Amino acid sequence: MSDHTISITVNGKTEEHTIEPRLLLSDFLRHQLGLTGTHVGCEHGVCGACTVLFDGQPVRSCLMFAVQANGHEIMTVEGLAKSMGNLHPLQQAFWEAHGLQCGFCTPGILLTLLPFLAENPRPTEAEVREALSGNLCRCTGYQHIVDAALLAASRMEFGN
Amino acid sequence: MSIGISPYRVDASGKVTGAALFPGDLTRPQLLHAKVLFSNQPHARMVRMDTRAAEAVPGVIAIFTAADVPVNEYGLTMFDQPVLVGVNANGRSPVPSDVSRWEGDQVAIIVAETEAAAAAARERINIEWEQLPLLPDIDTAVRDEILLHPEHPAQSNRYHHYKIRKGDMAAGWAAADVIVEGEYHLPNQEHAYLQPEAALSYVDEQGRVTVEIAGQWTHEDQAQIAHALDLPPEQVRVIYPAIGGAFGGREDMSLQIVMALATWKLHQRGEMRPIRCIWSREESIIGHHKRHRARAKTRWGATKEGKITAVEAEVYMDAGAYNYTTNKVMGNFHLTVGGPYEIPNAHIDSYAVYTNSVPGGAFRGFGAPQGCFVAESQMNKLAEALGMNPVALRLKNCYRENSIGITQTPLPAGVSLPQVIEACAAKAGWQVAGGKWQVAGEESPNLAVSSPPISQSPISNLQSPFQSLPPNPATLRFGRGFACAYKNIGYSFGFPERCEATIELYGAGSVERVVLKHSAAEVGQGTHTALRQMAATAVGVPLEIVELVMSDTAVTGDSGSVSASRMTWMAGNAIQLAAAAAKQEWTDEDRPAIGHARFTPPATEPLNPETGHSTPNFAYGYVAECVDLAVDIETGHIHLLRVVCADDVGKAINPRLIEGQVEGGVVQALGYAVTEELVVRDGRVLNPRFSTYLIPGVRDIPDAVESVILEIPDPRGPWGVRGMAEMPFIPLAPAIAAALHDATGVWFNEIPLTPGKVAAKLRDA
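Every chain is numbered independently, its residues counted from 1 as its sequence is written. To read the labels, note that chains go from A and ligands from 1, taken in the order they are written. In keeping with the model being predicted, local features are shown solely for residues with a pLDDT of at least 70 and side-chain atom pairs are shown and tallied solely at 80 or more, while totals for entire chains, interfaces and linings include all residues.

### Describing the overall build of chain A
Okay, so step 1: A tally of helices and strands in chain A yields 5 helices and 5 strands.
Okay, so step 2: Numbered from the N terminus, helices here are DSSP runs of H or I no shorter than four residues, and strands are runs of E no shorter than two. Ordered by position from N to C terminus, the α and β elements of chain A give β-β-α-β-β-β-α-α-α-α.
Okay, so step 3: Only C-alpha atoms enter the radius of gyration, while the globule expectation follows 2.2 Å times N to the 0.38, with N the number of residues. Its C-alpha atoms give chain A a radius of gyration of 16 Å, within 12% of the compact-globule value 15 Å for 160 residues.
Okay, so step 4: For chain A, the C-alpha atoms occupy an extent of roughly 50 × 30 × 25 Å along the three principal directions.
Okay, so step 5: Counting other C-beta atoms within 10 Å of its own, a residue is labelled buried from 20 upward, exposed at 12 or fewer, and partly exposed in the gap between, with every C-beta atom placed from the backbone. Looking at the 160 residues of chain A, the share that counts as buried comes to 53%.
Okay, so step 6: Whether two residues are in contact is decided by their C-beta atoms, placed from the backbone, lying within 7 Å. The contacts of chain A with a sequence gap of at least 6 include a subset with a gap of at least 24, amounting to 59%.

### A closer look at the overall build of chain B
Okay, so step 1: For chain B, the helix and strand inventory stands at 17 helices and 27 strands.
Okay, so step 2: Expected size for 765 residues packed as a compact globule is a radius of gyration near 27 Å; at 26 Å, chain B falls within 12% of this value.
Okay, so step 3: Expressed along its principal axes, the backbone C-alpha trace of chain B runs to roughly 80 × 75 × 60 Å.
Okay, so step 4: If you take every contact in chain B between residues at least 6 apart in sequence, the share linking residues at least 24 apart comes to 79%.

### Remarks on helix H16 (residues 732–744) of chain B
Residues and elements named next belong to chain B.
Okay, so step 1: Taking 1.5 Å per residue as the helical rise, H16 with its 13 residues ought to reach 18 Å, and the 18 Å between its terminal C-alpha atoms agrees with that figure.
Okay, so step 2: Of all 13 residues that make up H16, 12 are buried, and the element is covered over most of its length.
Okay, so step 3: Within H16 the residues assigned to the buried category are Leu732, Ala733, Pro734, Ala735, Ile736, Ala737, Ala738, Ala739, Leu740, His741, Asp742 and Ala743.
Okay, so step 4: Of the residues trailing H16, glycine 745 is marked for its positive phi of about 80 degrees. The span expected for a helix works out to 1.5 Å for each residue beyond the first.

### Observations concerning helix H2 (residues 89–96) of chain A
Okay, so step 1: Buried residues of H2 of chain A: Leu90, Gln91, Gln92, Ala93 and Phe94 of chain A, and no others.
Okay, so step 2: The secondary structure elements touched by the buried residues of H2 of chain A are helix H3 (106–119) and helix H5 (143–154) of chain A together with helix H1 (12–17) of chain B.
Okay, so step 3: Just downstream of H2 of chain A lies histidine 98 of chain A, where phi reads positive at about 55 degrees.

### Side note on unusual backbone geometry
Generally, phi is negative for residues other than glycine and the peptide bonds are trans, each holding for most cases.
All names here are of chain B.
Okay, so step 1: In this structure, the amide linkage connecting arginine 591 to the following residue, proline 592, adopts the cis form with an omega of -10 degrees.
Okay, so step 2: Structurally, proline 592 is set in the loop between helix H14 (567–587) and strand E22 (593–599).
Okay, so step 3: The omega torsion of the bond from isoleucine 751 to proline 752 falls at 0 degrees, within 30 degrees of zero and hence cis.
Okay, so step 4: For proline 752, the position within the fold is in the loop between H16 and helix H17 (755–764).
Okay, so step 5: Positive phi is not limited to glycine here, since phenylalanine 493 has a value of about 60 degrees.
Okay, so step 6: For phenylalanine 493, the position within the fold is in the loop between strand E18 (476–488) and strand E19 (499–507).
Okay, so step 7: If you check the backbone angles, serine 565 has positive phi at about 50 degrees while not being a glycine.
Okay, so step 8: Residue placement: serine 565 occurs in the loop between strand E21 (546–550) and H14.

### Thoughts on the domain arrangement of chain B
Okay, so step 1: With domains assigned, chain B is organised as domain 1 (31–132), domain 2 (294–490 + 610–764) and domain 3 (492–599).
Okay, so step 2: An automatic or database domain assignment supplies the start and end points of every domain. When each unit is reduced to the centre of its C-alpha atoms, the spacing between domain 1 of chain B and domain 3 of chain B is 41 Å.

### So, the interface of chain A and chain B
Okay, so step 1: Listed by partner, the interface residues are 43 residues for chain A and 47 residues for chain B.
Okay, so step 2: Looking at the side of chain A that touches chain B, the elements that each hand over two or more residues are H2, H3, helix H4 (125–131) and H5 of chain A.
Okay, so step 3: For this scheme, ten residues count as nonpolar: Ala, Val, Leu, Ile, Met, Phe, Trp, Tyr, Cys and Pro. Four count as charged, namely Asp, Glu, Lys and Arg, and the remainder, Gly too, count as polar. Classifying every residue of the side of chain A that touches chain B by side-chain character gives 21 nonpolar, 15 polar and 7 charged.

### Thoughts on the sheet that holds strand E8 (residues 178–186) of chain B
All names here are of chain B.
Okay, so step 1: Spatially, E7-E15-E14-E13-E8 is the arrangement adopted by the 5 strands of the open sheet, whose pairing is mixed. Both edges of this open sheet fall to strand E7 (158–166) and E8, since each of them pairs with a single strand only. The mean inter-strand angle of the sheet, taken between neighbouring strand axes irrespective of direction, is 5 degrees.
Okay, so step 2: At least two DSSP bridges between two strands are needed for those strands to be called paired. Alignment of strand E14 (residues 308–320) against strand E15 (residues 346–354), held across 9 bridges, turns out to be parallel. Directly across from glutamate 312, in E15, lies its bridge partner histidine 347. In this description, a line fitted to the C-alpha atoms serves as the axis of each element, helices being fitted only across the stretch in contact, and the angle between N-to-C directions of two axes falls anywhere from 0 to 180 degrees.

### Here we look at the packing of H2 of chain A against H5 of chain A
All names here are of chain A.
Okay, so step 1: Two elements in contact, H2 and H5, have axes whose closest approach is 8 Å; the angle formed by their N-to-C orientations is 135 degrees. Classified by the angle between their axes, H2 and H5 sit oblique to one another. H5 is crossed by H2, and the crossing has right-handed handedness. Contacts between H2 and H5 involve Pro89, Leu90, Ala93, Phe94 and Glu96 on the former and, on the latter, Ala148, Leu151 and Ala152. Should an angle fall under 35 degrees it is taken as roughly parallel, and over 145 as roughly antiparallel, whereas 65 to 115 is taken as roughly perpendicular and any remaining angle as oblique. Note on convention: near helix rotated counterclockwise from far helix by under a right angle means a left-handed crossing. Clockwise means right-handed.

### Some words on the pairing of E18 of chain B
Residue and element names in this part refer to chain B.
Okay, so step 1: With 11 of its 13 residues buried, E18 lies for the most part within the structure.
Okay, so step 2: The pairing of E18 with strand E23 (residues 620–632) spans 13 bridges and is antiparallel. Counterpart to arginine 477 in the pairing with E23 is valine 631.

### Thoughts on the domain arrangement of chain A
Note: interface size is frequently given as the accessible area lost on complex formation between the parts.
Residue and element names in this part refer to chain A.
Okay, so step 1: Domain parsing of chain A yields domain 1 (4–79) and domain 2 (89–154).
Okay, so step 2: Look at where the C-alpha atoms of domain 1 and domain 2 centre, and you get two points 21 Å apart.
Okay, so step 3: On the domain 2 side, the residues contacting the 16 residues of domain 1 number 12 residues.
Okay, so step 4: For the side of domain 1 that touches domain 2, the secondary-structure elements that each account for two or more residues are strand E3 (51–54) and strand E4 (57–60).
Okay, so step 5: The leading source of residues in the side of domain 1 that touches domain 2 is E3, at 3 residues.

### Focus: the nonpolar core
Okay, so step 1: Ranked by size, the top nonpolar core spans 307 residues in total, and within it Ile110, Val111, Ala535 and Ile736 of chain B carry the most contacts.
Okay, so step 2: Apart from residues no more than four positions distant in its own chain, alanine 535 of chain B is found in contact with Ile503, Val514, Leu516, Val546, Ile575 and Ala579 of chain B. The nonpolar core is taken to be a set of buried Ala, Val, Leu, Ile, Met, Phe, Trp, Tyr and Cys residues joined by way of C-beta atoms within 7 Å.

### Description of the environment of asparagine 389 of chain B
Okay, so step 1: Looking at where asparagine 389 of chain B falls in the secondary structure, it is placed in the loop between helix H10 (368–386) and helix H11 (390–397).
Okay, so step 2: Remark: the alpha-carbon pair of asparagine 389 of chain B and phenylalanine 478 of chain B, spanning 89 residues in sequence, is separated by 18 Å.

### Remarks on the sheet that holds E21 of chain B
All names here are of chain B.
Okay, so step 1: As summarised here, the arrangement of the 4 strands in space is E21-E20-E19-E22, forming an open sheet in which the pairing is mixed. The sheet is open, and its two edges are formed by E21 and E22, each paired on a single side. Between one strand and the next, the sheet's axes are offset by a mean angle of 20 degrees, whatever the strand orientation.
Okay, so step 2: Here 6 bridges tie E19 to strand E20 (residues 511–518), and the two strands are oriented antiparallel to one another. The residue of E20 that forms the bridge with leucine 505 is valine 514.
Okay, so step 3: Contacts between helix H13 (residues 527–539) and the sheet are confined to E19, E20 and E21, with E20 contributing the most and set at about 135 degrees to the helix.
Okay, so step 4: Against the sheet, H14 engages E19, E20 and E22, with an angle of about 150 degrees to E22.

Below is the structure:
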């Protein structure tokens, strides 16, 4: 099968890449671009660990081919913080509220919450739970994750 | 003091930015890729294997099989499993190498330029198998028509047996006014850590075969690799990068030995390139052990005043194809099947049975969840039979200071179970009135709480604009259940227990920098954060100047495993000793001042083979839980409204981390009790995917989990610490079963309580 050349914007940077057409978006991000913060936990769209933003909307990168991202904008967890010393408020809240244990599910949860909180800046706890219902976590029992999301939402600077 | 507070996790910044590297994220220049071939044979003898077609696949570098393994055996407590199943093993292990006893037995490791080439080659390995009679379950295996392990001295598939013989059973039954009998069935449980197994391996600059992997005990991984490769341990190096959950599931070997083998063999051929292997979720679920499935028949007697007079039990555990840690897990089941109660007369037999099923092994609680389900279900039935409040019944019988345990020796000092039970009951809304425990404002001595009106039920809080199917109030029933438990902290039954720590102090006039070197595996529980807090406190410096060097056998000492709720307890003791030694060196003007310690706790003993007499453990944790639930009697769907968990942690080093263990443990136990059903048929796991094996999602969790953290010091724990990470898991399933009975009047003796099973049993009742 012949390779394809795609133009893709990842975390604000647009580049051309030549790829094999069956390459999954998750594998492209992890192994071709070295963006290993996108984790693969189940390979069939159930766990949500590989969630990235596709033109601003959360998608399961394990269920997409990289070629489908041709001409589109992808954001991974590496694109959230401006720098290590300048975390996104959502990251800051997960840090402060102990919203993680092993941390494998965390990038997918952050990228699920980002557009959700942009659309629902003052969610109820029940709405946060609903928003996270497609992401699995085996460590935390979810409560600290929900707390972290609510803490992030409570901060005025969020969304700026 | 840097303990008793909740500073942020040391690993959090890497985990929220994506910078943290898990094993599958690691790479090196010139990387090669590996795939493991599983036998896919629950019981078969290999007649012939032909790898020529596979080797001809473009990009294939090498294929390693049983013939390449220097000592073809492994096992944490007994060597009973071939590293690779195959013909032409060199015969240096007594374990027959040519028989696959489990579908997850490994047969070959294929190394290639790309993952795709390795996968293509794996498809082209031709194997001829001779099918052997299948022993899919305990009942078939105990007939001993064929021995799974003819090399085992037991000469029976029922290869391990523990006994308790205490008191006079005839007298115990004679003194009983009521007798409660039960037969219980416990299922397998899959760990389902989010990070599937992966490893990077290479030979380091000092010539050590090195494996970077997620595990629970660096030095045990090192020892197992060294044994199989017939290398001195110092020739093997194990490093843990970020670990994506473990829960006991990473105690045994997955990729450790085969990756070291492939790397070492290639190195001998002059091929120096590093190798990486990443398992899929399906490979992870097929390829590692589970919580044991088991069954128990039991009979308890008590006086009409509620004093237990006798306990008889017979336990069978399905070890699966290999021992893993079954003999130790069964020891815990054995100690807990009588509950945390003073029992004057006991007769208990526990058996481990080899089958062709997936091996059972370590999983949070390590046999105690199974034992607790049996014991606490019996206690709740006794309470019903006696017309007694279940809290009062427990307080009448539970272990307290100076109690003699089921193994006929005193419990280690610091027994806090009565306080734990009372704290849980009080938080849940019971109170003492007229000398009796009862629900506030309720006359009934029974457990039943009156069902709260639906409009006030917390379930209505969960109705969001997104919800499509609100519950039907007409078919909801409400109930409350109680259970308590104890579990050992640290290794049991005479297994050598130790923990090393090194503390280095840097500076001139004053200590400017402290380095803690330690092997504790950070599996998500927060141990690195807690150890740093303890090191700062032990040295007497601010937290900010303590640096960590962790989990690399080349530079950190043997810590033992993160398991058995032991690491804070053991490492805290080792850190105190190392800090004292370092401070002495500092006083002696050594720069840097280096203190190293190897802490050993009081010795434990194996069970006496005839009576079970022993001092099996040096410390215990105590926990009690109360569950309020709603069940839809039409659909069988259970929803937990509230879980109160009282856990004596001795001293909370980091309260937020402890809450995280309580909430996480409760939800994992909710999975065990309600949602998770591993279907194992004819030696095969039929649902090895997250779409069919259902771990709890956020919509499944209790409306509220309330932690009651008690701090009653363990006299031998550092700063009074007790281990705690397993405890919240243990009593939840029987508390749910009791609440379900309270709601419906029906006892459930089997888990998981999936909707279909609950609805069917309620229809039949």
